[in-house]
Amino acid sequence: MGRALGTVRGQATSASSALDGAKKAFAAGAWTGGTSDAFSADLTGRAGTAKAGADACVTELETIYNKEPDKVEPDAWQIHWHNL
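Residues numbered from 1 in each chain as written. Predicted model: local features only at pLDDT ≥ 70, side-chain atom pairs only at ≥ 80, totals over all residues. Heavy atoms only, no water.

A. Broad picture of the confidence of the model for the chain. For the chain, the average pLDDT comes to 92, and 96% of its residues sit at 70 or higher. The secondary-structure element of the chain with the lowest mean pLDDT is helix H1 (residues 2-17), recorded at 93, while helix H3 (residues 36-67) shows the highest, at 95. (pLDDT = per-residue confidence, 0-100. Helix = DSSP H or I, 4+ residues; strand = E, 2+ residues; numbered from the N terminus.)

Put into structure tokens, the structure is as follows:
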């Protein structure tokens, strides 16, 4: 679970910043006129949605991880979870 949490945090960072380059390009005036305003607004919304989803995923996994004990008994379900 700890390894998965580290991986998810890295992927969440990537997802959160995936559209940063495009947002910066729009802020610098890379495309103006026509439907550029609508596209920029949609891009900003999608970037926010990606960040919110990534953050929620990390939070959910952290919640699960923090509920697990540091050590379990040899017959605990956590050891044999893949057989459930």
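Still to come is the rest of the account.
B. Fine view of the packing of H1 against H3. Two elements in contact, H1 and H3, have axes separated by 8 Å at closest approach and are oriented at 170°. As far as their axial angle goes, H3 and H1 are roughly antiparallel. Residues Gly2, Ala4, Leu5, Val8, Arg9, Ala12, Ala15 and Ser16 of H1 lie in contact with H3, whose contacting residues are Ala50, Lys51, Ala54, Asp55, Cys57, Val58, Leu61, Glu62 and Tyr65. Classifying every residue of the contact of H1 with H3 by side-chain character gives 11 nonpolar, two polar and four charged. (Axes fitted to C-alpha atoms, helices over the stretch in contact; angles between N-to-C directions. Parallel < 35°, antiparallel > 145°, perpendicular 65-115°, else oblique. Contact = heavy atoms within 4.5 Å. Nonpolar A, V, L, I, M, F, W, Y, C, P; charged D, E, K, R; others polar.)

C. Inspection of H1 at higher detail. Here H1 spans 23 Å end to end across 16 residues, near enough to the 22 Å set by a 1.5 Å rise per residue. Where H1 is concerned, the buried positions are Leu5, Val8 and Ala12. Projected down its long axis, H1 shows its buried positions confined to an angular sector of 60°, all on one face. Every exposed residue of H1 that faces more than 90 degrees away from the buried side is listed here: Arg3, Gln11 and Thr13. (Expected span 1.5 Å × (residues − 1). Buried < 20%, exposed > 50% of the residue type's maximum accessible area, 1.4 Å probe, protein only. Arc of directions from axis to C-beta.)

D. Quick peek at the environment of Gly29. Tracing the chain through its elements places Gly29 in the loop between helix H2 (20-27) and H3. What makes Gly29 partly exposed here is its relative accessible area of 40%. A C-alpha to C-alpha distance of 49 Å links Gly29 and Glu68, two positions 39 residues apart in sequence.

E. Structural view of the pattern of salt bridges. Overall, the coordinates contain three salt bridges when judged by the stated rule. With a shortest N-O distance of 2.9 Å, Arg9 and Glu62 are connected by a salt bridge. With Arg9 in helix H1 and Glu62 in helix H3, the pair connects residues that are 53 residues apart, well separated along the chain. Of the charged contacts, one joins Asp55 and Lys51 as a salt bridge, the two residues approaching to 2.9 Å between their closest N and O atoms. (Salt bridge = Lys/Arg side-chain N within 4 Å of Asp/Glu carboxyl O.)

F. Highlighting the nonpolar core. Core analysis: the biggest nonpolar cluster contains six residues, these being Leu5, Val8, Ala12, Ala54, Val58 and Leu61. Going through the elements one at a time, H1 and H3 are the ones with two or more residues in this core. In this structure Val8 touches Cys57, Val58 and Leu61, once residues within four positions along its chain are discounted. (Core = buried A, V, L, I, M, F, W, Y, C linked by side-chain atoms within 4.5 Å.)

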